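Here is what each chain is made of, one letter per residue.
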Amino acid sequence: MADWDDLKVFLAVARGESLSRAGRVLKMDAATVGRRVARLETALGARLFTRSPQGYGLSDEGARLVHHAETVEAEMERVREALSGPGEGISGQIRIGAPDGCANYLLPQVVAGIVAENPALEVQIVALPRVFSLTRREADMVIAVSRPEQGRVIATRIADYRLSLAASAAYLADAPPLATLDDLRAHRVIGYIPDMIFDRELDYLADLGVEQAPVTSNSVSVQLNLIRQGAGVGVVHDFALPATQGITRVLTRTFQLTRAFHLVRHADDRKVPRIERFSQALIAGMRAEIARLETQACGQAAR
């Protein structure tokens, strides 16, 4: 019969696909993790992982066990929440995966407000321009631009956000006229590296009528700094403009894009009080912050 401690080790290895990565999460050495996995396999009479130079992959028996182990994990979380009581605030660790524009210009102020009200809460923000795997528990929740079309997940629409064309005042002073989108052909356009666009909603060039951008980066923050340094014209999040000096919106009457953020969670977490309460606070905070920052951006001078 498996106990919860061994199941917790099993889940860490299944998600990390290695003893060392699981050990870092569990704060134990890899050898101990290996012994615990072996003990669980002996107790269940089944081989849960296939070992290879690439790491630990789930066997058929292990894949079947994952769902049951995650059900136990969720139940243990509910028990912990019930014992601590609703008045204790949110506690424990939560990891959020987010694209770097959101992670740099929205999440810091939103998360700061949440942790101020919940001092026992630990929040990790993973800001990477890529798709995160909730199945492998790379994050407890993910902020995504495209709503996921498959997988055992819960997706909640957070809010729409706007994007505009922008350039630095110094660039515009020396550049050719920019009165219509057709004028962009005479300008350097800044955008994403084509083969590193991880979400189709981030491919803005077609909306601009531009075939390629000569200056590119996979990072929103780098693109903003390129624009600020006068490298060209680019699409920017309106909510990022109040934090970026020296950038002016252009063609505001003829060009604006709207996208949406979604909060994506693993389906098994819908009954975990800690995750549910944090999600509600995060959604409310992001909606308010997007509205506040976009209002500020609209008040800034535009050309």
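In this report, the structure presented in the accompanying data block is examined. Because the structure is predicted, anything quoted here is derived from the model rather than measured.

Moving on to the overall build of the protein chain. Along the protein chain, the regular secondary structure elements total ten helices and eleven strands. Structurally, the protein chain occupies a C-alpha span of about 75 × 45 × 30 Å along its principal axes. For the protein chain, the proportion of contacts with a sequence separation of at least 24, taken over those separated by at least 6, is 76%. Here the protein chain has roughly 15,100 Å² of accessible surface; of this, 52% comes from carbon and sulfur atoms.

Another aspect to go through is the packing of aromatic side chains. What describes a pair of aromatic rings is the distance from one ring centre to the other and the angle between the planes of the rings. The full count for this structure, using the stated rule, is six aromatic pairs. With a centroid separation of 6.1 Å and an interplanar angle of 55°, the aromatic rings of Tyr-192 and Tyr-204 are classed as tilted. Of this pair, Tyr-192 sits in the loop between β7 (189-191) and α8 (205-208) while Tyr-204 sits in the loop between β7 and α8, and the two are twelve residues apart along the sequence. By relative accessible area, Tyr-192 is classed as buried at 10%.

The next thing to look at is the pattern of salt bridges. Counted under the stated rule, the structure contains twelve salt bridges. Across the pair Asp-238 and Arg-162 runs a salt bridge, and its minimum N-O distance is 3.7 Å. Taken together, the residues span a long stretch of sequence, with Asp-238 in the loop between β9 (233-237) and β10 (247-250) and Arg-162 in strand β6 (residues 153-168) at a distance of 76 residues. A salt bridge links Arg-265 to Glu-276; the shortest N-O distance between them is 2.9 Å. Residue Arg-265 is found in strand β11 (residues 257-266), and its partner Glu-276 is found in helix α10 (residues 273-299); the two are separated by eleven residues along the sequence. Three or more residues are tied together by salt bridges with common partners; here these are Arg-162, Asp-238, Arg-249 and Glu-294.

The next subject is the nonpolar core. Core analysis: the biggest nonpolar cluster contains 64 residues, and Ile-143, Phe-261, Leu-282 and Met-286 have the highest contact counts within it. Here this core gets eight residues from one element, more than from any other, and that element is α10. Those residues in contact with Leu-282 that lie beyond four places of it in its chain are Ile-96, Leu-107, Val-110, Ile-114, Met-141, Ile-143 and Leu-263. By size, the runner-up hydrophobic cluster in this structure holds 19 residues, among which are Leu-11, Leu-48, Phe-49 and Leu-65.

What follows is about unusual backbone geometry. For Glu-17, which is not glycine, the phi dihedral falls at a positive 60°. Its location among the elements puts Glu-17 in the loop between α1 (4-16) and α2 (19-26). Overall, Glu-17 belongs to the partly exposed group, its relative accessible area being 30%. Even without being glycine, Leu-251 reaches a positive phi, approximately 55°.

Criteria and cut-off values
- Residue positions are given per chain, counted from 1 along the sequence in the order it is written.
- Restriction of local features to residues with pLDDT of at least 70 applies here, the model being predicted, together with a cutoff of 80 or more for giving and counting side-chain atom pairs; totals for whole chains, interfaces and linings are based on all residues.
- Side-chain metrics rest on all non-hydrogen atoms present in the structure, leaving aside hydrogens and water.
- A run of H or I in DSSP becomes a helix once it reaches four residues, and a run of E becomes a strand once it reaches two; helices and strands are each numbered from the N terminus.
- The contact criterion used is simple: two residues touch if any of their non-hydrogen atoms lie within 4.5 Å.
- To measure how exposed things are, a 1.4 Å probe is used in the Shrake-Rupley method; for residues, cover is taken only from the protein chains shown.
- For Phe, Tyr and Trp, where Trp contributes only its six-membered ring, two rings pair if their centres lie within 6.5 Å, and the inter-plane angle classes them as stacked under 30 degrees, edge-to-face over 60, or tilted in between.
- The rule is simple: take the accessible area with a 1.4 Å probe, protein chains only, and divide by the maximum for that residue type; under 20% is buried, over 50% is exposed, in between is partly exposed.
- Between Lys or Arg on one side and Asp or Glu on the other, a salt bridge is scored when a side-chain nitrogen of the former is within 4 Å of a carboxyl oxygen of the latter.
- Residues grouped as a nonpolar core are buried Ala, Val, Leu, Ile, Met, Phe, Trp, Tyr and Cys residues, joined through side-chain atoms within 4.5 Å.

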